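Structural overview for review
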There are 2 protein chains.
Amino acid sequence: MSAEFFEVVRHQRAHRSFAATPVDDDDIAAVLTAATYAPSAENRQPWEFIVVRETSARAALGDLMRRAWDSGGRTFSESRVSPKMLADVERGMTGGFAGAPVFIVACADTERGLEQTVASSMFPAIQNLLLAATARGLGSALTTIAVGFRAELTTLFALPPHVIPVAVVPLGHPARPLGPPRRDAFAAHTHRDRYGERWSAST
Amino acid sequence: MSAEFFEVVRHQRAHRSFAATPVDDDDIAAVLTAATYAPSAENRQPWEFIVVRETSARAALGDLMRRAWDSGGRTFSESRVSPKMLADVERGMTGGFAGAPVFIVACADTERGLEQTVASSMFPAIQNLLLAATARGLGSALTTIAVGFRAELTTLFALPPHVIPVAVVPLGHPARPLGPPRRDAFAAHTHRDRYGERWSAST
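Now for a description of the structure that goes with this document. (Residues numbered from 1 in each chain as written. Chains lettered and ligands numbered in written order. Predicted model: local features only at pLDDT ≥ 70, side-chain atom pairs only at ≥ 80, totals over all residues.)

Let's shift gears to the overall build of chain A. Within chain A, the secondary structure is distributed over six helices and five strands. In chain A, the order of α-helices and β-strands from amino to carboxyl end is α-α-β-α-α-β-α-β-α-β-β. Taking 2.2 N^0.38 as the reference for a compact globule, 203 residues should give roughly 17 Å; the C-alpha atoms of chain A span a radius of gyration of 18 Å, in line with that estimate. Oriented by its inertia axes, the alpha-carbon framework of chain A measures out at about 55 × 40 × 40 Å. Here chain A holds 203 residues, and 50% of them are scored as buried. Across chain A, contacts joining residues at least 24 apart in sequence account for 82% of those joining residues at least 6 apart. (Helix = DSSP H or I, 4+ residues; strand = E, 2+ residues; numbered from the N terminus. Rg over C-alpha atoms; globule rule 2.2 N^0.38 Å. Buried ≥ 20, exposed ≤ 12 C-beta atoms within 10 Å, placed from the backbone. Contact = placed C-beta atoms within 7 Å.)

Take a look at the structure:
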């Protein structure tokens with residue numbers, strides 16, 4: 001299996017509905033191996049991944065997402081995103097994500113990596129995971145909404161106190177193909193030497 | 001130019017010395033475009049990139065890194081990493097990084113994205129940038145040590161108060177090729193359904 005790097009990058013999307021088709025262990029191994037190649041502070045590799053296939057645990061994760069959404073997430077986002085995006089996210093939070101055959105709960109071991117470097121050490125690995133999923137034809141999404149329920153996640157996955165959940169990634173074969181993501185051109189947010197000297201000014 | 005996705009992932013390394021060869025605008029455009037395809041909370045794309053080529057600004061960034069290293073970074077890391085890694089990082093902090101022909105200062109606009117989602121929205125984009133650099137044959141490194149000097153960076157790059165520096169990425173043609181990175185096997189940090197149920201146990 002071969003995938004061109006920039007093609008993969010351009011086609012990564014947040015998937016919020018999944019086919020029932022199971023995900024092979026080989027695919028899980030490929031995406032988690034990719035995750036481990038990301039850089040981390042002092043090369044501490046602080047990640048611990050929980051691969052969740054169990055029906056009850058997936059349902060519990062789905063419930064946490066729905067609760068977080070119902071208890072403030074929706075209200076908060078209503079005024080901030082387009083109606084179309086709100087409807088997309090709503091579908092994910094209230095059942096779409098829960099339909100994923102696998103969740104990967106990405107955690108940081110704070111005895112291995114320092115707490116202040118958790119974010120810079122974990123999100124690059126998580127991004128590698130998401131890209132690798134795209135390269136293998138899988139759908140995924142970066143979600144952090146359930147991470148607010150740290151106590152619940154700790155109980156659900158028997159996490160030791162020094163292992164903290166950072167993101168919950170639903171993973172599965174896409175229910176349907178998605179087009180490329182919508183993004184501003186990089187030049188709209190790029191400056192030469194100092195803020196305000198637009199990239200495009202001298203090209 | 002074509003690069004296989006998993007090859008790129010497996011060959012990303014932290015580069016700490018660079019050739020004097022300039023980096024083309026086309027390469028900068030490619031790596032920043034890749035950055036923009038990363039996911040971000042509410043698709044807010046909070047990134048602002050300062051592409052630093054100016055000699056004096058690069059020297060100032062190098063000075064900040066050296067100061068951060070001399071004033072605590074070295075002492076802190078001495079007891080935590082191997083002598084070889086310490087020597088590598090030392091070379092970067094005291095001149096290797098400063099020799100990069102370009103720095104990209106990755107900032108977050110907190111008026112566009114919320115402060116609590118800065119990390120989860122910025123580090124995936126930065127990881128795309130680092131991978132894309134690898135795909136284009138460029139060396140790079142994820143550094144955050146200079147970010148502690150927020151006031152200095154704000155002055156140096158004329159950042160508005162709502163734009164906060166998150167990482168400083170030196171970018172250039174590698175001084176020499178580096179082998180693949182050293183990582184633990186993913187299975188050493190992967191669990192089935194709950195923490196402690198090792199992946200390898202059932203494969």
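All right, on to the interface of chain B and chain A then. Tallying the contact residues gives 66 residues for chain B and 66 residues for chain A. Looking at the side of chain B that touches chain A, the elements that each hand over two or more residues are helix 1 (5–11), helix 2 (25–36), strand 1 (47–52), helix 3 (55–78), helix 5 (118–135) and strand 5 (190–192) of chain B. If you tally residues by element for the side of chain B that touches chain A, the top one is helix 5 of chain B, at nine residues. Within the side of chain B that touches chain A, the residues separate by chemical class into 37 nonpolar, 16 polar and 13 charged. Pairing geometry for strand 1 (residues 47–52) of chain A and strand 5 of chain B, over three bridges, is parallel. Note that in strand 5 of chain B the partner of A:I50 across the bridge is B:H191. (Nonpolar A, V, L, I, M, F, W, Y, C, P; charged D, E, K, R; others polar. Pairing = 2+ DSSP bridges.)

Right, let's get into the nonpolar core. By size, the foremost hydrophobic cluster in this structure holds 133 residues, and its most contacted members are A:L129, A:V169 and B:L129. Residues within four places of A:L129 in sequence aside, it is in contact with A:V31, A:L32, A:A34, A:A35, A:I104 and A:V169. (Core = buried A, V, L, I, M, F, W, Y, C linked by C-beta atoms within 7 Å.)

This part is about helix 4 (residues 83–96) of chain A. Residue and element names in this part refer to chain A. Within the span of helix 4, buried status applies to V89, G92, M93 and G96. What you see down the axis of helix 4 is that its buried residues fit within an arc of 140°, all on one side. Along helix 4, the residues that are exposed and aim more than 90 degrees away from the buried face are P83, K84 and A87. Its buried side turned inward, helix 4 meets helix 3 (55–78). (Arc of directions from axis to C-beta.)

Strand order in the open sheet formed by five strands is 3(A)-4(A)-2(A)-1(A)-5(B), with mixed pairing between adjacent strands. Where the open sheet ends on each side, the last strands, each with one partner, are strand 3 (139–140) of chain A together with strand 5 of chain B. Pairing geometry for strand 3 of chain A and strand 4 (residues 163–172) of chain A, over two bridges, is antiparallel. Each bridged residue has a counterpart across the sheet, and for A:G139 the counterpart in strand 4 of chain A is A:G172.

None of this, on its own, says anything about what the molecule does.
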